[in-house]
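Architecture at a glance
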Amino acid sequence: MTSILGNLTNKLNFLAKPNKLKDTGSPSLSGTSLRQQIASQYLTGSGIEIGALHSPLEIPSDVEIRYLDRMPVEQLRKQYPELAEHKLVELDLIDDGETLASIPDASLDFVISNHMIEHCQNPIASLENWIRVLKTDGILYMAVPDKRYTFDCDRPITSLEHLIRDYTEGAEWSKYSHFEEWNRLVNKVPNSDVAVRTKRLIDMNYSIHFHVWTPMEFIEMLVYCKKYLSFLIEIELLQKNGMEFIVVLRKRVSE
């Protein structure tokens, strides 16, 4: 896979330039306003946002959106007690955000998935389903945390080989190790308590960051999906945004 990674530097340098964005005349943009600006350039029609919780993407006024999450708001509040003081979005759809089983193929103009893919146990399969529900020319809008600038900073980057194995074999083989790593390197749990804490989080079905990336390795995964799995995607934009990077994909016409 090293040949894929080796060919990405020029592509990243090109995509990272905000040449598709309007010049606002402002010397700097907050992370939220940059997200909004990119949304105004790419989002039209009707779509969904997965896992918006308390921070839905601000979208153009003429766009129709529905909100989807894996459990009702009352259960989400139990999962995320740290959000007790925040208002969560009202949900229109309860579904697994990785499979979108309730969403018909080619039915949406866009899918928004901000700080979601790192929570996916099988990211390549999730991408496949998000693309599946898009119409031709539809947009997949993702904000992804750059692990170097988050609480994931001590964790090793998820390798492409690992992601491929999750896709081909299913993610159950790696599930325990992800929770164990989360407890050791994020929660800083003493070694003597790791097994107990790991079992507790698994029993809760707690949504951790299963996988972590920097922009280079994330694009490596996308190039693999396009080249070797024939995903119908074009990379429209890669834009750094503080502790995250924003990726915009477009579903192209099938060959």
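On a predicted model such as this, the values are computed, not experimentally measured, just so you know.

**Focus: the overall build of the protein**
Looking only at helices and strands, the protein has nine helices and seven strands in total. A burial count over the protein gives 51% of its 255 residues as buried. Within the protein, contacts between residues at least 6 apart in sequence are counted, and of these 68% link residues at least 24 apart. Of the roughly 12,500 Å² that the protein leaves accessible, carbon and sulfur atoms contribute 50%.

**Digging into the pattern of salt bridges**
In total, this model carries 13 salt bridges according to the counting rule given. The shortest N-O distance in the salt bridge between Arg 132 and Asp 105 comes to 2.6 Å. Highlighted residues: Arg 132 in helix 5 (residues 123-132) and Asp 105 in the loop between strand 3 (93-94) and strand 4 (108-114), separated in sequence by 27 residues. Residue Asp 105 is classed as exposed on the basis of its relative accessible area, which comes to 52%. Residue Lys 226 pairs with Glu 234 through a salt bridge whose shortest N-O separation is 3.1 Å. Several salt bridges converge on common partners, so that one network encompasses Asp 137, Glu 236 and Arg 250.

**Observations concerning the packing of helix 6 (residues 160-169) against helix 7 (residues 172-186)**
Closest axis-to-axis distance for the helix 6/helix 7 pair is 9 Å, and the angle between their directions is 135°. What the angle tells us is that helix 6 and helix 7 run oblique. Contacts from His 162, Arg 165, Asp 166 and Glu 169 of helix 6 reach helix 7 at Trp 173, Ser 174 and His 178.

**Side note on the pairing of strand 6 (residues 233-241)**
Most of strand 6 sits out of view: seven of its nine residues are buried. Hairpin geometry of strand 6 and strand 7 (residues 244-251) is characterised by an intervening segment of two residues between the two adjacent antiparallel strands and by a positive phi of about 65° at Gly 242.

**Regarding unusual backbone geometry**
For Ala 106, which is not glycine, the phi torsion reads 50° and is therefore positive. Within the fold, Ala 106 resides in the loop between strand 3 and strand 4. Phi at Lys 188 takes a positive value of approximately 55°, unusual for a residue other than glycine. For Lys 188, the position within the fold is in the loop between helix 7 and helix 8 (191-204). Classification of Lys 188 by relative accessible area gives partly exposed; the value is 48%.

**With respect to the packing of helix 5 against helix 6**
Where helix 5 meets helix 6, the closest approach of the two axes is 7 Å, and the angle between their N-to-C directions is 65°. By the angle between their axes, helix 5 is roughly perpendicular relative to helix 6. Taken together, the residues of helix 6 that come into contact with helix 5 (itself represented by Pro 123, Ile 124, Ala 125 and Glu 128) are Leu 163, Ile 164 and Tyr 167. Its residues assigned to classes, the contact of helix 5 with helix 6 shows six nonpolar, no polar and one charged.

**Notes on the confidence of the model for the protein**
Residue-level pLDDT values for the protein average 90, and 87% of them are 70 or greater. Ignoring residues within four places in sequence, the model shows residues 2-29, a span with pLDDT below 50, making 40 contacts including any to other chains.

**Topic: the environment of Tyr 167**
On the secondary structure map, Tyr 167 appears in helix 6. With a relative accessible area of 24%, Tyr 167 lands in the partly exposed category. The residues contacting Tyr 167, other than those within four sequence positions of it, are Asn 122, Ile 124, Ala 125, Glu 128, Leu 229 and Phe 231. At 3.1 Å, the side chain of Tyr 167 and the side chain of Glu 128 are in polar contact.

About the thresholds
Residues numbered from 1 in each chain as written. Predicted model: local features only at pLDDT ≥ 70, side-chain atom pairs only at ≥ 80, totals over all residues. Heavy atoms only, no water. Helix = DSSP H or I, 4+ residues; strand = E, 2+ residues; numbered from the N terminus. Buried < 20%, exposed > 50% of the residue type's maximum accessible area, 1.4 Å probe, protein only. Contact = heavy atoms within 4.5 Å. Areas by Shrake-Rupley, 256 points an atom, 1.4 Å probe, with all protein chains shown as cover. Salt bridge = Lys/Arg side-chain N within 4 Å of Asp/Glu carboxyl O. Axes fitted to C-alpha atoms, helices over the stretch in contact; angles between N-to-C directions. Parallel < 35°, antiparallel > 145°, perpendicular 65-115°, else oblique. Pairing = 2+ DSSP bridges. Nonpolar A, V, L, I, M, F, W, Y, C, P; charged D, E, K, R; others polar. pLDDT = per-residue confidence, 0-100. Polar contact = N/O pair within 3.5 Å; in protein donor to acceptor, adjacent residues only side chain to side chain.

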